[in-house]
Amino acid sequence: MKSKKVTRYYSDCGRGFWKKQKALNHEQNCTCWKNPKFKSCLSCVNKCIVIDHNDMEEPYRQTWQSNQCKFSDSGIPVHPEFDFIRKNCKHYLPKTS
């Protein structure tokens, strides 16, 4: 039996990559909204994202997400399709754990 050493590259948010360049791209393109350095809703103490639906049966059931945080108007939307998730919020408080 042979052993083999493998290198993984991890970003600040904890996501692992096999290639260093992919890890760097992940950081530089702001694709990780859980990374505390971007001060986004997903790593904030004040996060209050609620999933709601229209109470209808399939196939007519629709679901959506909304941000119930009292500071939800602060910051910049991270993506046009996810306008309820904000980054660079001035009221950002990091999670402790």
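Just so you know, these numbers come straight off a predicted model, no measurement behind them.

Draft legend 1. Quick look at the overall build of the protein. Within the protein, the regular secondary structure consists of one helix and six strands. The N-to-C order of helical and strand elements in the protein reads β-β-α-β-β-β-β. Computed over its C-alpha atoms, the radius of gyration of the protein comes to 18 Å, more than 25% above the 13 Å expected for a compact globule of 97 residues. Projected onto the principal axes, the alpha-carbon positions of the protein cover approximately 55 × 40 × 25 Å. A separation threshold of at least 6 residues defines the contact pool for the protein, and within that pool the share at least 24 residues apart is 30%. Of the roughly 7900 Å² of accessible surface on the protein, a fraction of 51% belongs to carbon and sulfur atoms. Each charge class in the protein can be summarised by its mean position, and for the 18 positive and 9 negative side chains these summaries are 18 Å apart.

Draft legend 2. Representation of the side chain of N67 in the model. With respect to the element layout, N67 can be found in strand β4 (residues 63-67). Within the local environment of N67, its side chain forms a polar contact with the backbone nitrogen of C69, the two atoms lying 3.0 Å apart. Here F84 takes part through its backbone oxygen, which lies 2.8 Å from a polar atom of the side chain of N67. Filtering out sequence-adjacent residues up to four positions away, N67 remains in contact with C41, C48, I49, S72 and F84.

Draft legend 3. Here's a closer look at the packing of aromatic side chains. Evaluation of the coordinates by the stated rule reveals one aromatic pair. Arranged with centres 6.3 Å apart and planes meeting at 70 degrees, the rings of F82 and F84 form a pair that is edge-to-face.

Rules behind the numbers
- Residues numbered from 1 in each chain as written.
- Predicted model: local features only at pLDDT ≥ 70, side-chain atom pairs only at ≥ 80, totals over all residues.
- Heavy atoms only, no water.
- Helix = DSSP H or I, 4+ residues; strand = E, 2+ residues; numbered from the N terminus.
- Rg over C-alpha atoms; globule rule 2.2 N^0.38 Å.
- Contact = heavy atoms within 4.5 Å.
- Areas by Shrake-Rupley, 256 points an atom, 1.4 Å probe, with all protein chains shown as cover.
- Lys, Arg positive; Asp, Glu negative; His and termini not counted.
- Charge placed at Lys NZ, Arg CZ, Asp CG, Glu CD.
- Polar contact = N/O pair within 3.5 Å; in protein donor to acceptor, adjacent residues only side chain to side chain.
- Phe/Tyr/Trp six-rings, centres within 6.5 Å; stacked < 30°, edge-to-face > 60°.

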